Amino acid sequence: MSFQHSPADGLSAYGWDAGLEQSFASHRAAGLVPARVVGVDRGACDVITETGPLRAGLALPHTPDPLSSPCTGDWAALRHGRTPELVELLARRSVIVRSSASRSSHGQALAANVDTAVLAVSLGGPLNPSRVERLLALAWESGALPVIVLTKADQSADPGQAVAAVAELAPGVEIITTSSATGQGLDTLTAAITGTVVLLGPSGAGKSTLGNALLGTEVLETGAVRAQDGKGRHTTVRRSLVPLPGGGVLIDTPGLRGVGLQDADEGLQQVFADIEELARQCRFADCGHDSEPGCAVQAALASGDLSERRLDSYRKLQRENAWASSRSDARLRAQHDDRKKAITRSLRETYAFRDRQRRS
């Protein structure tokens, strides 16, 4: 996919500011220039620099953790030459991470340095509350501000009912009802987003159509959804970064078939703040919220203030997050043990060499 650039705008159109310039001073002194990652594939990056777009190789320090690899939205230090190379990533102020699709102990970075996470929820089919909660946890954990956008309002018989249902799942989060077909809500959404904006949601939620409406042009590829289940094809196959007409930049992501959580404790606490508050009122600090006396969570279930579905979703996501964290901890312990073994082996070889030297 091509991306827009005006030489007069330099990097400011992509989010470069005085703070970033100040933090980049030592890199400039070393002859490096700033670049923002637009897309990553085949071991190289498309980046935007002060003089325009280019393709850059990677000369970053080796790390086994995929989260340390560049992703769309990263700021980096670039070394010019016959083959431009990224030599260092700047510290991220936010990063959207999900559990790896391979189910490994590593997470997958979807986008970096995001200010607003637009969560696309289609009204063209039944509402999936658990998916909304997952997306919210992902967004809150990243450090970005979530905005829920109910798309395809023109296909819903009662958009107001959907707004009320989502509001119960996401207290305090702005919810905007839109229709790219009629233009409903697009002005409100434009006013609500700021900085670097990422579109998140499953295939068929209308992310790319929504993105094109915000961009004012058909930049992002779109596709139809299946009539029988409302699901769409992956028309966006890689992440991309495009300047918005009113300022800021837009990152479109491929449709998320699954949103696995990875070390998302704070995000879950934010999403399920109502259950967390109830748990603090339980008689026992280690209450399992099953049949213990004085359980505020069970009392809320009995009174109807809390639904079984929401509690089940909370428990499921907590278990999933704990499992992912335990795999990550196990990997780190294994890496630590491997380093210890390597050091011990090296010392033994050194002592053996010294012993042979003394004997000779």
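Just so it is clear, the model here is predicted, and its values are computed rather than measured.

Quick word on the overall build of the protein chain
For step 1, the next point in the chain: Assigned secondary structure in the protein chain consists of 10 helices and 13 strands.
For step 2, the next point in the chain: Relative to its 360 residues, the protein chain shows a buried fraction of 45%.
For step 3, the next point in the chain: Here the contacts in the protein chain between residues at least 6 apart in sequence split such that 65% fall between residues at least 24 apart.
For step 4, the next point in the chain: Accessible surface, the protein chain as shown: approximately 18300 Å² in total, 50% of it carbon and sulfur.

A short note on the nonpolar core
For step 1, the next point in the chain: One finds Ile 148 and Leu 200 to be the most contacted residues of the largest nonpolar core, which totals 58 residues.
For step 2, the next point in the chain: In terms of residues, this core owes the most to one element, helix α3 (residues 129-142), which gives six residues.
For step 3, the next point in the chain: Of all hydrophobic cores here, the second largest spans 16 residues; its members include Val 118, Val 149, Leu 189 and Leu 214.

Here's the deal with the sheet that holds strand β11 (residues 196-200)
For step 1, the next point in the chain: Sheet architecture is open: six strands sit in the order β10-β9-β8-β11-β13-β12, paired in mixed fashion. Every other strand in the sheet has two partners, leaving β10 (174-177) and β12 (240-243) as the edge strands with one partner each. Averaged over all pairs of adjacent strands, the angle between strand axes in this sheet comes to 25°, irrespective of strand direction.
For step 2, the next point in the chain: When strand β9 (residues 145-151) meets β10, the two strands line up parallel, connected through four bridges. Paired with Leu 150 across the bridge in β10 is Thr 177.
For step 3, the next point in the chain: Where helix α4 (residues 159-169) meets the sheet, its contacts fall on β9 and β10, and the angle it forms with β10 comes to roughly 165°.

A closer look at the packing of helix α8 (residues 273-280) against helix α9 (residues 296-303)
For step 1, the next point in the chain: Remark: α8 packs on α9, axes separated minimally by 7 Å, with the N-to-C direction vectors making an angle of 120°. Between α8 and α9, the angle falls in the class oblique. On the side of α8, the interface is formed by Ile 275, Leu 278 and Ala 279, while α9 contributes Ala 296, Val 297 and Ala 300.
For step 2, the next point in the chain: Class assignment for the residues of the contact of α8 with α9 results in six nonpolar, no polar and no charged.

Points about the pairing of strand β3 (residues 52-58)
For step 1, the next point in the chain: Sheet topology note: the strand β2 (residues 44-49)/β3 ladder contains five bridges and is antiparallel. Within the sheet, the bridge partner assigned to Asp 46 lies in β3 and is Arg 55.
For step 2, the next point in the chain: The turn joining β2 and β3, which pair antiparallel and follow one another in sequence, is formed by two residues.
For step 3, the next point in the chain: Sheet topology note: the β3/strand β5 (residues 85-89) ladder contains two bridges and is parallel. Bridge pairing in β5 links Gly 57 to Glu 85.

Quick word on the confidence of the model for the protein chain
Low pLDDT marks regions whose predicted coordinates should not be analysed in detail.
For step 1, the next point in the chain: Confidence along the protein chain averages 83 in pLDDT terms, with 78% of residues attaining 70 or more.
For step 2, the next point in the chain: Confidence drops under a pLDDT of 50 for residues 1-8, and excluding neighbours within four residues, the segment shows 24 contacts in the predicted structure.
For step 3, the next point in the chain: Taken as a whole, residues 223-237 scores under 50 in pLDDT and shows 29 contacts with residues more than four places along the chain or in a different chain.

Some points on α9
For step 1, the next point in the chain: Turning to α9, its buried residues are Ala 296, Val 297, Ala 300 and Leu 301. When α9 is viewed along its axis, its buried side chains cluster within an angular range of 145° and face the same direction.
For step 2, the next point in the chain: Once α9 finishes, Gly 304 follows within two positions and takes phi at roughly 90°, a positive value.

Quick look at the sheet that holds β3
For step 1, the next point in the chain: The five strands are arranged β1-β2-β3-β5-β4 in a closed barrel whose pairing can be described as mixed. The mean angle between the axes of side-by-side strands here comes to 55°, regardless of whether they run parallel or antiparallel.

Some thoughts on the environment of Val 40
For step 1, the next point in the chain: Note that Val 40 resides in strand β1 (residues 33-41).
For step 2, the next point in the chain: A relative accessible area of 33% means that Val 40 is categorised as partly exposed.
For step 3, the next point in the chain: Sequence separation between Val 40 and Cys 71 is 31 residues; the distance between their C-alpha atoms is 6.3 Å.

What counts as what
- Residues numbered from 1 in each chain as written.
- Predicted model: local features only at pLDDT ≥ 70, side-chain atom pairs only at ≥ 80, totals over all residues.
- Heavy atoms only, no water.
- Helix = DSSP H or I, 4+ residues; strand = E, 2+ residues; numbered from the N terminus.
- Buried < 20%, exposed > 50% of the residue type's maximum accessible area, 1.4 Å probe, protein only.
- Contact = heavy atoms within 4.5 Å.
- Areas by Shrake-Rupley, 256 points an atom, 1.4 Å probe, with all protein chains shown as cover.
- Core = buried A, V, L, I, M, F, W, Y, C linked by side-chain atoms within 4.5 Å.
- Pairing = 2+ DSSP bridges.
- Axes fitted to C-alpha atoms, helices over the stretch in contact; angles between N-to-C directions.
- Parallel < 35°, antiparallel > 145°, perpendicular 65-115°, else oblique.
- Nonpolar A, V, L, I, M, F, W, Y, C, P; charged D, E, K, R; others polar.
- pLDDT = per-residue confidence, 0-100.
- Arc of directions from axis to C-beta.

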